[in-house]
Amino acid sequence: MDFKLTEEQELVKQNMREFAQKYVDPIAAEIDESGRFPAEVVAKLGEMGYMGMPYPVQYGGAGTDYLTYALAVEELSKSCAATGFTMSVHTSLALGPINNFGSEEQKKKFLPPLCQGKHLGAFALTEPGAGTDVSAATTTAVLDGDEYVLNGTKTFTSNGPVADTFVTFAWTDKSAGSKGMSAFIVPKDASGLRVGEHFMKMGIRASQTSEIIFKDCRIPKANLLGGEGSGMKIAMNCFDHGRIGIAAQAVGIAQAAMEESIAYAKERVQFGKPISKQQAVQWWIADMATDIDCARFLYMRAAWLKDQGLPFTKEASMAKVFGAEMCMKHSIKAVQIHGGYGYIKGQKVERLMRDAKITEIYEGTSEAQRMVIANNMLR
Amino acid sequence: MPDILCCYKWVADEAYIRSGSGGDLDLSMADYKISDYDKNAIEEAVLLAEQHGGTAAVITVGLPDDTKGIKDALSRGPEKAYFINDPAFVDLEPAQTASLLAAAIASPIPYDIIICGEGSSDLYAQQVGPRLAEKLGIPCLCYVQKVELNGSELIAHRKSDEGLEVVKVSLPVLLTVVPDINNPRLPGLRDTLAAGKKPVVEFTAEDLPSIDTAALATTATKAATIKRNSRLFDADAAGIEELVQELKNSGAIA
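Please read all numbers here as calculations on a predicted model, not as lab measurements.

When you go through chain A residue by residue, the secondary structure sums to 10 helices and 10 strands. Whereas a compact globule of 379 residues would reach a radius of gyration of roughly 21 Å, chain A reaches 21 Å, a difference of no more than 12%. Seen through its principal axes, chain A has C-alpha atoms that stretch 80 × 45 × 40 Å. Residues counted as buried form 59% of the 379 residues belonging to chain A. Looking at chain A alone, contacts between residues at least 24 apart form 73% of all its contacts between residues at least 6 apart. Accessible surface, chain A: about 15,500 Å² in total, of which carbon and sulfur atoms supply 56%. Here chain A carries 41 positive and 43 negative side-chain charges, and the mean point of each set is 3 Å from the other.

A rise of 1.5 Å per residue sets the reference length of helix 8 (residues 313-338) of chain A, with its 26 residues, at 38 Å; its end C-alpha atoms lie 37 Å apart and thus fit the reference within 8%. Phi for A:Gly339, located one or two positions after helix 8 of chain A, is positive at around 60°.

It is worth spelling out the packing of helix 1 (residues 7-34) of chain A against helix 2 (residues 67-75) of chain B at this point. The N-to-C vectors of helix 1 of chain A and helix 2 of chain B enclose an angle of 55°; their axes lie 10 Å apart at closest approach. When the interaxial angle is binned, helix 1 of chain A and helix 2 of chain B end up oblique. The handedness of the crossing between helix 1 of chain A and helix 2 of chain B comes out as right-handed. Residues A:Glu7, A:Glu8, A:Glu10, A:Leu11 and A:Gln14 of helix 1 of chain A form the contact with helix 2 of chain B, whose participating residues are B:Thr67, B:Lys68, B:Lys71 and B:Asp72. Considered class by class, the residues forming the contact of helix 1 of chain A with helix 2 of chain B number 1 nonpolar, 2 polar and 6 charged.

All names here are of chain A. Per the stated rule, a full pass over the model turns up 11 aromatic pairs over all chains. Judged by centre distance (5.2 Å) and plane angle (55°), the ring pair of Phe 3 and Phe 297 falls under tilted. Taken as a pair, Phe 3 in the segment before helix 1 and Phe 297 in helix 7 (residues 279-307) lie far apart in primary sequence, 294 residues in all. Owing to a relative accessible area of 56%, Phe 3 belongs among the exposed residues under this scheme.

Further remarks concern the pattern of salt bridges. Within the structure shown, the criterion is met by 37 salt bridges over all chains. Note that A:Lys154 and A:Glu127 form a salt bridge whose closest N and O atoms lie 2.7 Å from each other. Of this pair, A:Lys154 sits in strand 3 (residues 147-158) while A:Glu127 sits in the loop between strand 1 (121-124) and strand 2 (140-144), placing them 27 residues apart in sequence. A:Glu127 carries the same exposure label as A:Lys154, and that label is buried. Two residues, A:Asp144 and A:Arg218, come together in a salt bridge whose shortest N-O distance is 2.4 Å. Residue A:Asp144 is found in strand 2, and its partner A:Arg218 is found in strand 7 (residues 209-220); the two are separated by 74 residues along the sequence. Given the relative accessible area of 41%, A:Asp144 is considered partly exposed. The structure contains a network of salt bridges with shared partners spanning A:Lys4, A:Glu10, B:Asp31 and B:Lys68.

Moving on to the domain arrangement of chain A. All names here are of chain A. Segmentation of chain A into domains returns domain 1 (7-120), domain 2 (122-229) and domain 3 (233-378). The C-alpha-based centres of domain 2 and domain 3 are spaced at 30 Å. If you look at the interface, domain 2 gives 12 residues, while domain 3 gives 13 residues. Both sides of the domain 2 and domain 3 interface together cover about 940 Å² of buried area, and 79% of this is carbon and sulfur. Sorting the residues of domain 2 by area buried against domain 3 places Thr 132, Met 202 and Ile 204 first, and these three jointly supply 48% of that buried surface. Taken together, the links from domain 2 to domain 3 amount to 0 salt bridges. For the interface between domain 2 and domain 3, the tally reads 2 residue pairs in polar contact (both at pLDDT 80 or more).

The next thing to look at is the packing of helix 7 of chain A against helix 8 of chain A. All names here are of chain A. As a packed pair, helix 7 and helix 8 sit with axes 9 Å apart at the nearest point and diverge in direction by 155°. When the interaxial angle is binned, helix 7 and helix 8 end up roughly antiparallel. Between helix 7 and helix 8 the crossing geometry is left-handed. Here the residues of the contact of helix 7 with helix 8 are counted per class, giving 17 nonpolar, 3 polar and 6 charged.

Residues and elements named next belong to chain A. Relative to the helices and strands, Thr 290 resides in helix 7. Residue Thr 290 is classed as partly exposed on the basis of its relative accessible area, which comes to 47%. For the pair Thr 290 and Val 321, spaced 31 residues apart in sequence, the C-alpha separation works out to 16 Å.

Here we come to the sheet that holds strand 7 (residues 80-85) of chain B. Note: strands within a sheet are paired through backbone hydrogen bonds, in either parallel or antiparallel orientation. All names here are of chain B. Spatially, 11-10-9-12-8-1-6-7-13 is the arrangement adopted by the 9 strands of the open sheet, whose pairing is mixed. The open sheet is flanked by strand 11 (163-170) and strand 13 (200-203), the only strands paired with a single partner. Within this sheet the neighbouring strands show an average axis-to-axis angle of 30°, counted without direction. Inspection of the sheet shows strand 1 (residues 3-7) paired to strand 8 (residues 113-117) by 3 bridges, in the parallel sense. Within the sheet, the bridge partner assigned to Cys 6 lies in strand 8 and is Ile 115. The strands touched by helix 1 (residues 36-52) are strand 1, strand 6 (55-62), strand 8, strand 9 (140-150) and strand 12 (173-177); relative to strand 8, the strand with the most contacts, the crossing angle is about 150°.

Our focus in this paragraph is the environment of A:Val73. Residue and element names in this part refer to chain A. By the secondary structure assignment, Val 73 is in helix 3 (residues 66-79). Spatially, the C-alpha atom of Val 73 lies 21 Å from that of Ala 124, the residues being 51 residues apart in sequence. Not counting the four nearest positions on each side in its chain, Val 73 is found in contact with Gly 84, Met 87, Ser 88, Gly 245, Ala 248 and Gln 249.

With 18 residues of chain A at the interface, the matching set in chain B holds 14 residues. Carbon and sulfur atoms make up 56% of the area that chain A and chain B hide from each other, which totals about 1,600 Å². Summed over the shared surface of chain A and chain B, the result is 3 salt bridges. The salt bridge partner of A:Glu10 is B:Lys68, with a shortest N-O separation of 2.8 Å. In the side of chain A that touches chain B, the residues fall into 8 nonpolar, 6 polar and 4 charged.

What counts and how
Residues numbered from 1 in each chain as written. Chains lettered and ligands numbered in written order. Predicted model: local features only at pLDDT ≥ 70, side-chain atom pairs only at ≥ 80, totals over all residues. Heavy atoms only, no water. Helix = DSSP H or I, 4+ residues; strand = E, 2+ residues; numbered from the N terminus. Rg over C-alpha atoms; globule rule 2.2 N^0.38 Å. Buried < 20%, exposed > 50% of the residue type's maximum accessible area, 1.4 Å probe, protein only. Contact = heavy atoms within 4.5 Å. Areas by Shrake-Rupley, 256 points an atom, 1.4 Å probe, with all protein chains shown as cover. Lys, Arg positive; Asp, Glu negative; His and termini not counted. Charge placed at Lys NZ, Arg CZ, Asp CG, Glu CD. Expected span 1.5 Å × (residues − 1). Axes fitted to C-alpha atoms, helices over the stretch in contact; angles between N-to-C directions. Parallel < 35°, antiparallel > 145°, perpendicular 65-115°, else oblique. Left-handed = near helix turned anticlockwise from the far one by under 90°. Nonpolar A, V, L, I, M, F, W, Y, C, P; charged D, E, K, R; others polar. Phe/Tyr/Trp six-rings, centres within 6.5 Å; stacked < 30°, edge-to-face > 60°. Salt bridge = Lys/Arg side-chain N within 4 Å of Asp/Glu carboxyl O. Domains from an automatic or database assignment. Buried area = accessible area lost by both parts, 1.4 Å probe. Polar contact = N/O pair within 3.5 Å; in protein donor to acceptor, adjacent residues only side chain to side chain. Pairing = 2+ DSSP bridges.

Given below as structure tokens:
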């Protein structure tokens, strides 16, 4: 049993912290307010090697383990949950399926610009009628000569408006049930691909989210990922490792909420003493610190299992549901510690509380995580 | 093509130092880092090597466990590290550190320019650089904020209270640099991952002549405290007169 990170992991964490303080902290409030996509920061993340961390060097990645990547997501999310998520969804959900299921040609073609951050990736699975119930999707793909023709509408596509490369899912044989869905790599300039409505979100406002509409969208047959019928398997695999990133993001948000709360509680004087001297506040901080450690150890364990090549589906879901829920709970408490000031725009905890909510929803709701965990416990 | 050697100190990060119950410094939570101005020294060494060819290497004195510092330093660009370490090297004073550095460098380690930070983030004694130059018998220029290198001649801009002093010197030379000299780069991910693969040459106490025993005895290191009198004076003529008298008594005004 060893709770110690390697020196490289500690240095990556430290350097990402410094990166975030230098480039992200100064703009985090502004991009939350305006909903602007921080393209300059994402480009810089790419230059620094952070946009393809856990993928092989031969495809432009940095070749780190998954734990190191998750640690970096936590540090970045501590400064800006939207930027942390942009990195996480790109890395886990767009690059993940190409790396894990792509052919050698596909990896050589698509991964290098994605890993270098020159291209941004998106994962288009959700549809208006198909959220947790992926099988309710209606998008279809029909082979026509050397091309697949895609028709359907995807929604809530993270990075949608700014992505260069999409991984998307469509039925190639609806009658085959879960084995009838296939995954595809779609470049943004594919004919018939259109970015639909941009969504205004409650939190992670600098992360860009939109509909993606495929109308007779034609892509080369060579862009089929992992063979016809493997779409569902690919989607589930993506979610397994994506959840580790979201758990790390949630820990980053909660850590920021706690640090803000501690600093404020030591400064804020009521009844002649700092509120940090009140037992109620002390207990809230104690609970925050305890839950954050629990959540951090949960995501680190899930990442470690993945790095060892061991099963980690249940553990990733545990890390995600616990991390997200403790993040929501304590970001609300952080606002409470700040009192009226915490309810005012410009206070970091106000943003953190809005950002926290999405962690309970995307990449599998808390309820979906419980389904996964229960299925593992009761089978 | 100059060989540039750069000295750094691995210090407790002041952000994590707590004040203990007895007013002492509690380092138990402290993370360690490369001393702030030493990052400028490393950056300048790497910049000079990039501009003029040659090599940049780092050298440090520390405990055997301080290997994270080596990787941190190497991730910032130098291609080699010299690591003088021994379990006995605890709280060395500047004269001892300078002796160890000088002995290792004389072993020999090739150099044309040695760069140190002006002072360390923890003690800021500003002594290791000048003492090392003295032991090596080479010129020392302190408070350097700009360097120009032309072959074997170096021009240093030195910051002083009176203004700027521009000095020309022949190599070899030792410089101590101030933070204005550059903005240290942030290592990229690949730099961090590659650092562990760069060569590290180790020296232990056995490899070097024994150092003098410490001349200084540290009796205590205490956290700085600010005492406030918090006395209220009335806002009338008598109160103001009282305040002025109090300030005179305390020596705050004459």
